[in-house]
Amino acid sequence: MTVGIDRISFFVPPYFIDMTDLAHARDVDPNKFHIGIGQDQMAVNAKTQDIITFATHAAKHILTEEDLETIDTVIVATESGIDESKAASVVLHRLLGIQPFARSFEIKEACYGGTAGLQFAKNHVTLHPKSKVLVVATDIARYGLNSAGEPTQGAGAVAMLITANPRVLSLNDDNVMLTQDIYDFWRPVGHDYPLVDGPLSNETYINAFQKVWQENTRRNGYTLADYQALAFHIPYTKMGKKALLAILENETEDEQARILARYEESIAYSRRIGNLYTGSLYLGLISLLEHATSLKAGDRIGLFSYGSGAVSEFFSGHLVEGYEPYLLADVHTALLEQRVKLSIEAYEELFNDKLDTTIDGTFDDDTLFSISEIQHTIRSYRTK
């Protein structure tokens, strides 16, 4: 029996800005964004769209009525939680109509949370092969207007259904984990935006990848030749490439070209969306699978997960025979193409129009699952 990802999809809000427009508004060279950090567009959400909205849409893409009757665990990974006590997964469970006898909880460890949820799900299904687990990584990455981190913002969710005998990617038992107590990125309770030591964060990310890669080679005996592709956590698309280049120095030109070509395929969606925090690695995986020119069943894909603070993990999976029909490239392409491009003025207005849950009120956003009202700090969501 194998265990892994049976279905996978993403959702992003219906607005975006162009990074050239942002560069001009911030009086910087557009190449700093398009080439320097590798971003072309950035997802933007209204205050009536939150992590639960994103999570519900992403999950609806991949679940059948049979899944809703079989799922016994719902996991939300986020660092954009809307409640210090109640898990977003409890609301998600209700909105999706999942059978009542299920476990629901939320995971936090910066951008690593999605991987923590995936590994919990894998272990649960291994012990209970008839179970199905829904894992959703959902976030709003915000650093503030005119901040250093502004061009690396983003919003959206990735949903994964974890089952026995999966139809997309079977997960291997080759995980290498690393924990280091480092303050490269953190957000104390009460702070609207994270605090970031940019140079330390970049250095920690690259060093963490090198450490788990070297330990993977020592422990599992794998070399780069054993992987058809590597997917990375992508806070911005140049970050993963910097880490990848650090292990390519001693490889042949052909080997470097092979791996770098797959990396470019893995960042196609991220270039148009931005940072999804907990969902970034898995957005990269979706992009890789849906843009691949040479992947085939049986190929091993390596995945590097990183969460500031810092926890890292490197693991791998094998593509399952016949996986292609279970991808949703047409859905994802349509989602991106149907978004509304905002002017910088409109983006800034949306950014500053914050949801105040201390004030009761109703909202006229008629988008499915958007926030319809606030009553006594409780959010209600549209279901029709």
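Note: the structure precedes this text.
Predicted model only: the values in this text are computed from it and were never measured.

A. Layout of the packing of aromatic side chains. Inspection of every chain in the model, using the stated rule, returns 20 aromatic pairs. Connected via pairs of aromatic rings, a cluster forms that spans Tyr-205, Phe-209, Trp-213, Tyr-222, Tyr-227, Phe-232, Tyr-263, Phe-304, Tyr-306 and Phe-314. Cation over ring: Arg-142 sits above Phe-351, and NZ or CZ is 4.3 Å from the ring centre.

B. Representation of the sheet that holds strand S15 (residues 340–341). Spatial strand order, S3-S2-S15: three strands in an open sheet with mixed pairing. With one partner strand each, in any of the chains shown, strand S3 (41–44) and S15 form the two edges of the open sheet. Two elements, strand S2 (residues 15–18) and S3, share four bridges in a ladder whose sense is antiparallel. Opposite Phe-16, over in S3, you have Ala-43 as the bridge partner.

C. Inspection of the environment of Arg-271 at higher detail. Relative to the assigned elements, Arg-271 resides in helix H10 (residues 268–273). For the pair formed by Arg-271 and Ile-234, sequence separation is 37 residues and the distance between their alpha carbons is 9.7 Å. If sequence neighbours within four positions are ignored, Arg-271 has contacts with His-34, Gly-38, Gln-39, Asp-40, Gln-41 and Thr-237. Side chain to side chain, Arg-271 and Asp-40 meet in a polar contact 2.8 Å long.

D. Just the packing of helix H8 (residues 237–245) against helix H9 (residues 253–266), in detail. Where H8 contacts H9, the two axes come as close as 11 Å, and the packing angle between them is 165°. The pairing of H8 with H9 is recorded here as roughly antiparallel in orientation. In the crossing of H8 with H9, the sense of the turn from one axis to the other is right-handed. Note on element contacts: H9 touches H8 through Ile-259, Leu-260, Tyr-263 and Glu-264, opposite Thr-237, Gly-240, Lys-241, Leu-244 and Leu-245. Looking at the contact of H8 with H9 residue by residue, the classes come out as five nonpolar, two polar and two charged.

Calculation criteria
Residues numbered from 1 in each chain as written. Predicted model: local features only at pLDDT ≥ 70, side-chain atom pairs only at ≥ 80, totals over all residues. Heavy atoms only, no water. Phe/Tyr/Trp six-rings, centres within 6.5 Å; stacked < 30°, edge-to-face > 60°. Lys NZ or Arg CZ within 6 Å of the ring centre and 35° of its normal. Pairing = 2+ DSSP bridges. Helix = DSSP H or I, 4+ residues; strand = E, 2+ residues; numbered from the N terminus. Contact = heavy atoms within 4.5 Å. Polar contact = N/O pair within 3.5 Å; in protein donor to acceptor, adjacent residues only side chain to side chain. Axes fitted to C-alpha atoms, helices over the stretch in contact; angles between N-to-C directions. Parallel < 35°, antiparallel > 145°, perpendicular 65-115°, else oblique. Left-handed = near helix turned anticlockwise from the far one by under 90°. Nonpolar A, V, L, I, M, F, W, Y, C, P; charged D, E, K, R; others polar.

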